Amino acid sequence: MDLLALADFNLVARHGGFGRAARATGRPKATLSRRVAELESSLDLRLFERGARALKLTQEGRALYERTGVLLTELDETAAAIASGGERPRGRLRISAPLLFSQTAMGKLAAAFALKYPDVRLEVTTEDRTVDMIEEGYDLVIRVNPDPDESLVGRIFLRDRLVVVASPGLNRPAGDLAAPAVVRGASDFTTAWDVMAPSGHLRIAVDPVLRLSSLIMVRDAVRAGVGAARLPVSLVSHDLAAGTLAHWGNVDGPQISLWTLYPSRRLLSARVSAFLEFLKGAFPLGEPEELAAFID
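Because the structure is a prediction, the values reported are computed rather than measured.

(A) View of the overall build of the protein chain. Along its length, the protein chain carries 10 helices and 13 strands. With respect to the three principal axes, the spread of C-alpha positions in the protein chain is 75 × 45 × 30 Å. A separation of at least 24 residues holds for 75% of the contacts in the protein chain among residues at least 6 apart in sequence. Summing over all exposed atoms, the protein chain offers an accessible surface of approximately 15800 Å²; the carbon and sulfur share of this is 53%. Of the charged side chains in the protein chain, 36 are positive and 36 negative; the average position of the first set lies 5 Å away from that of the second.

(B) Expanded view of the sheet that holds strand β10 (residues 200-212). Taken in spatial order, the 6 strands of this open sheet run β8-β10-β9-β12-β7-β11, and their pairing is mixed. Taken across any chain shown, the strands that pair with only one partner, and hence form the sheet edges, are β8 (179-184) and β11 (229-232). The average angle at which neighbouring strand axes cross in this sheet is 55°, direction not considered. In terms of strand pairing, strand β9 (residues 192-197) meets strand β12 (residues 246-251) through 2 bridges, oriented antiparallel. Looking across to β12, one finds that Met-196 is bridged to Asn-250. Running over the sheet, helix α8 (residues 233-242) touches β7 (162-166), β11 and β12 and is turned about 100° from β11.

(C) Expanded view of the packing of helix α5 (residues 99-116) against helix α9 (residues 270-282). At a minimum axis distance of 11 Å, the contact between α5 and α9 shows a crossing angle of 125°. If you check the angle between α5 and α9, you find them oblique. The handedness of the crossing between α5 and α9 comes out as right-handed. Residues Met-106, Leu-109, Ala-112, Phe-113 and Lys-116 of α5 touch α9, and the partners they reach there are Arg-271, Ala-274, Phe-275, Phe-278, Leu-279 and Ala-282. By residue class, the composition of the contact of α5 with α9 is 9 nonpolar, no polar and 2 charged.

Procedures and definitions
Residues numbered from 1 in each chain as written. Predicted model: local features only at pLDDT ≥ 70, side-chain atom pairs only at ≥ 80, totals over all residues. Heavy atoms only, no water. Helix = DSSP H or I, 4+ residues; strand = E, 2+ residues; numbered from the N terminus. Contact = heavy atoms within 4.5 Å. Areas by Shrake-Rupley, 256 points an atom, 1.4 Å probe, with all protein chains shown as cover. Lys, Arg positive; Asp, Glu negative; His and termini not counted. Charge placed at Lys NZ, Arg CZ, Asp CG, Glu CD. Pairing = 2+ DSSP bridges. Axes fitted to C-alpha atoms, helices over the stretch in contact; angles between N-to-C directions. Parallel < 35°, antiparallel > 145°, perpendicular 65-115°, else oblique. Left-handed = near helix turned anticlockwise from the far one by under 90°. Nonpolar A, V, L, I, M, F, W, Y, C, P; charged D, E, K, R; others polar.

These figures come from the coordinates and say nothing about function on their own.
Printed below as a string of structure tokens:
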């Protein structure tokens, strides 16, 4: 198989078209088209569906792209490492991270990583949705309690837990009385929270009086005394220590786990390995107090 033709095929697949690939690399569009056609001919396979306005990978083309794109990247990185005399991380590193972690810690982490590894071009996208790593070109994703995925491997690097907090001026209701609550999102229709308090298990009835899309916003509203909320302890530990928020108890439920995920077929590049080790150094114990240290 012609590696140059394979590299050009991956270039076109990554950019989504001959014209885009040509503009991004300065390569002639006709050359890219010819090399891809030669590769299709040698394999006796159609790799792209060519429409009037769009270019789309065929099933065989997608399989070839997913299996060879990583290998070509590894070859480039190995050659660069040998030329530079070592496995120094270099190249682009694309990461998808959840909203709250990005808002509280990712800016500082990214800056420190960039200073430590100046040859890596780090790009971080903030989103809570499940991303397709291969389709969207991510090297690594950070997710909270992700669903099992056989195509990905990963590790837990940080744990957190939910607590119920409120302004000190808001008393915890007794009996069937409902507490005013601030909840995240319009789809949270919970009417009660199960809490482990020093006195034992409690079931706190709640009446959502405010719905907000960000946990930072929820925390700020609770600070203002609007109501109680369930929040990660890392986000409110400073307030609890200062007495500006009162602790009603720990939420009775599964622990929050932050995972780093990457494709299982991939031989980890030097830049991904460097970022994983960097996170391990930033959160050596994986405890919420370590994340709280990043929060102003």
